[in-house]
Number of protein chains: 2
Amino acid sequence: MVADRPHEFDLIARYFAPLATDPGCLALTDDAAALTPSPGTDLVLTKDMLAAGVHFFPGDPPDSIAAKALRVNLSDLAAKGARPRAYLLGLALQDDWTEDWLAAFSAGLAADQARFGLSLYGGDTIRSGAGLVVSVTAIGEVPAGRTVRRNGARPGDRIFVTGTIGDAALGLRLRLDPGLADRLGLAAQEREHLLRRYLWPEPRTALAAAILDHASASIDVSDGLAADAGHVCRESRVDGVIDVDLVPFSPAARGVRAQDPGLGLACLTGGDDYEILACVPPQACDGFVAAAADAGVAVSCIGEVAEGGGRLTFTQGGRPVQVSDGGGFRHF
Amino acid sequence: MVADRPHEFDLIARYFAPLATDPGCLALTDDAAALTPSPGTDLVLTKDMLAAGVHFFPGDPPDSIAAKALRVNLSDLAAKGARPRAYLLGLALQDDWTEDWLAAFSAGLAADQARFGLSLYGGDTIRSGAGLVVSVTAIGEVPAGRTVRRNGARPGDRIFVTGTIGDAALGLRLRLDPGLADRLGLAAQEREHLLRRYLWPEPRTALAAAILDHASASIDVSDGLAADAGHVCRESRVDGVIDVDLVPFSPAARGVRAQDPGLGLACLTGGDDYEILACVPPQACDGFVAAAADAGVAVSCIGEVAEGGGRLTFTQGGRPVQVSDGGGFRHF
């Protein structure tokens, strides 16, 4: 009980009801909301939970925490070819929360849900004994039966990734080691780029339709490129080969890779990219690349799928290179 | 990172994949699950989050924590007339979790989802800096457009509640004050009854069809009878009158009420009943009572709805009595 704080009902009315923009939500005044699925669609369901000190820093801007909690879920939806529709929010607030914090947090949600086209459909706000925990369930729609899976890759498919790889992992290293940017001789702009990529992931929602139309398999790169490409190979029972020289890196990441091979490796194994890896049959590649260009999302072909038992290999200059994925980045 | 613990993927395979019984879940091996809505239905969405030390005691049996996390959501679905279909689970584990704990927790989920007829559709397991947090999103189905709301009560409706009121609030008091049961002279059986009602809420899923067919408004009693009946009156813009002598109390609660008027009041204002309050038009009462009997759920008529502006009054012996609801039980 926190007697001198606004009641949960007041918080809902003030900060969350304005986010429940669909009529079925009844402005969050009921026990539950009703969602009418679009005819002929399946609902794609995903849930990611973020905790202070594990997935974000407690002092991060509240709107960035809100955006990250929503966007990591939107990234999963995009990888499945789904259009965002609804989300539910669980918020465990630490005892020292302030209304200013909550106002900024809900403003972050408002901006993102307007941008990505979904509505809040419910949630729960509780008191947490310790740090902040944010739990988001996101719901998207795909034409019935057409959810794009991890397990559909076939020999001959080309492997594409969106955007650039490794920036967020480097951004996290910079946060954990404040002297690192100077030791690496990073320009202010490069440092800002990497930090921003960690703080503000960019879900590839705009690419969902292209994935739905052209990809045989797709996954969002959240555990690191090596781990997530490995998931696709294992689940599809195919081998994959990725050419490190084709992996897209930002100028900042290229600079770090040139300076420090260990950090260069972290680009391939670190988490939090929230890019998409898609396998596309050869005959569909032109269509996929054109659709991605129309959507304004950069895509790079980084490798190929072959027959096999689920093994992923990285090559460089035609020779295999060792990229231990360490089982993927552990949020746990 | 917890290097000496099983990886999250192993935990999912061992404890959670067996709970993903529907084919659309792909045994939780993908980023997201696909749910095909039954034709002609709306999906009813609800989310409740529970934290150790707030909603349950950290040392409670793991299967009871699992059951409570699921059941408080099922209670919301039942109140809306919805049939349970799917749930997603967010689990923030404290650092000292054990596999035995997790095995018992997932066994609790398995038993409940079999009993109530739903499947796990996804989730996330993370490390929590402090206590355990469990976040459940539950999804039910109702015929399109027929979700039963809080705001549909009309003058002349009768007010019904299921089961008995106040047991869980008294059970919580017994937990917080170990000497209380003796001071009240409670028999061992009565004490056990009250403690059990707090630990193992009983969602009225079996009553959902009767509510759908007969109720004009419905809410689950989670914040206390006074607060939740108050919500219905306010949202429906009607007045309500509840006769305290008609409110169903268990023998244990009746004993406490006779001994201690203060605790007697707590029965009407305390939370965690997870019973259902339904408003039923006079001509539908016989059908509602018969359907409830068929469903094996006890219902009691405790009052009536009248024209008005949203005020709830309790009476006893024909005279108004003061029952301050204190804004409902605060989980926050």
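Residues numbered from 1 in each chain as written. Chains lettered and ligands numbered in written order. Predicted model: local features only at pLDDT ≥ 70, side-chain atom pairs only at ≥ 80, totals over all residues. Heavy atoms only, no water.

(A) Structural view of the pairing of strand E11 (residues 312-316) of chain A. Residues and elements named next belong to chain A. Relative to E11, strand E8 (residues 238-243) is paired through four bridges, and the arrangement is parallel. Residue pairing for E11: Ile242 is matched across the bridge by Phe314. Here E11 pairs with strand E12 (residues 319-321) via three bridges, running antiparallel. Paired with Thr315 across the two strands is Pro320, which belongs to E12. (Pairing = 2+ DSSP bridges. Helix = DSSP H or I, 4+ residues; strand = E, 2+ residues; numbered from the N terminus.)

(B) Quick look at the sheet that holds E11(A). Residues and elements named next belong to chain A. Read across the sheet, seven strands follow the order E7-E9-E6-E10-E8-E11-E12 without closing on themselves; strand pairing throughout is mixed. A single partner strand is all that each edge strand has here, and the edge strands are strand E7 (217-221) and E12. For this sheet, the mean inter-axis angle between neighbouring strands, taken without regard to orientation, is 30°. With five bridges joining them, E7 and strand E9 (residues 275-280) adopt antiparallel strand pairing. For Ser218, the partnering residue across the bridge sits in E9 and is Ala278. Lying on the sheet, helix H8 (residues 225-236) is in contact with strand E6 (158-162), E7, E8, E9, strand E10 (299-307) and E11; it crosses E7 at an angle near 155°. (Axes fitted to C-alpha atoms, helices over the stretch in contact; angles between N-to-C directions. Contact = heavy atoms within 4.5 Å.)

(C) Quick peek at the environment of Gly287(A). Following the sequence through the fold, Gly287(A) ends up in helix H11 (residues 285-295). Relative accessible area serves as the criterion here: at 29%, Gly287(A) is assigned to the partly exposed category. (Buried < 20%, exposed > 50% of the residue type's maximum accessible area, 1.4 Å probe, protein only.)

(D) View of the relation of the copies chain A and chain B. Expressed as a screw operation, the relation of chain A to chain B combines 0.0 Å of axial shift with a rotation of 180°, fitting to an RMSD of 0.0 Å. In symmetry terms, the pair is related by a two-fold rotation axis. A shared interface surface links the copies, since 100% of the contact residues of chain A are contact residues in chain B too. (Least-squares fit on C-alpha atoms with pLDDT ≥ 70 in both.)

(E) Region of the structure containing the pairing of strand E7 (residues 217-221) of chain B. Within E7(B), five of the five residues are buried, which leaves it mostly tucked inside the rest of the structure. Neither face of E7(B) is open: one carries Ala217(B), Ile219(B) and Val221(B), the other Ser218(B) and Asp220(B), and all of them are buried.

(F) Expanded view of the packing of aromatic side chains. Applying the stated rule across the entire model yields six aromatic pairs over all chains. Taking the centre distance of 6.2 Å and the plane angle of 75° together, the rings of Phe57(A) and Tyr198(A) count as edge-to-face. Taken as a pair, Phe57(A) in the loop between strand E2 (41-51) and helix H2 (62-79) and Tyr198(A) in helix H6 (residues 188-199) lie far apart in primary sequence, 141 residues in all. For Phe57(A), a relative accessible area of 23% translates into the label partly exposed. One Lys or Arg, Lys68(B), reaches over the ring of Tyr198(B) and ends 3.6 Å from the middle of that ring. (Phe/Tyr/Trp six-rings, centres within 6.5 Å; stacked < 30°, edge-to-face > 60°. Lys NZ or Arg CZ within 6 Å of the ring centre and 35° of its normal.)

(G) Structural view of the domain arrangement of chain A. Residues and elements named next belong to chain A. Looking at chain A, the domain boundaries give domain 1 (8-143) and domain 2 (158-321). A C-alpha centroid distance of 27 Å is found between domain 1 and domain 2. Here domain 1 and domain 2 share an interface that buries about 1900 Å² over both sides, 62% of which is from carbon and sulfur atoms. Among the residues domain 1 hides against domain 2, the three largest losses belong to Phe57, Lys68 and Arg71. Together they make up 29% of the total. (Domains from an automatic or database assignment. Buried area = accessible area lost by both parts, 1.4 Å probe.)

(H) Layout of the pattern of salt bridges. Overall, the coordinates contain 34 salt bridges over all chains when judged by the stated rule. When the shortest N-O distance is used, the salt bridge between Glu275(A) and Arg197(A) registers 2.9 Å. Of this pair, Glu275(A) sits in strand E9 while Arg197(A) sits in helix H6, and the two are 78 residues apart along the sequence. For the pair Glu275(A) and Arg197(A), one class covers both residues: buried. For Arg175(B), the salt bridge is made with Asp60(B), and the minimal N-O distance between the two is 2.6 Å. With a gap of 115 residues between them, Arg175(B) in helix H4 (residues 167-176) and Asp60(B) in the loop between strand E2 (41-51) and helix H2 (62-79) connect regions that are remote in the sequence. Relative accessible area serves as the criterion here: at 28%, Arg175(B) is assigned to the partly exposed category. Judged by its relative accessible area of 4%, Asp60(B) falls in the buried class. (Salt bridge = Lys/Arg side-chain N within 4 Å of Asp/Glu carboxyl O.)

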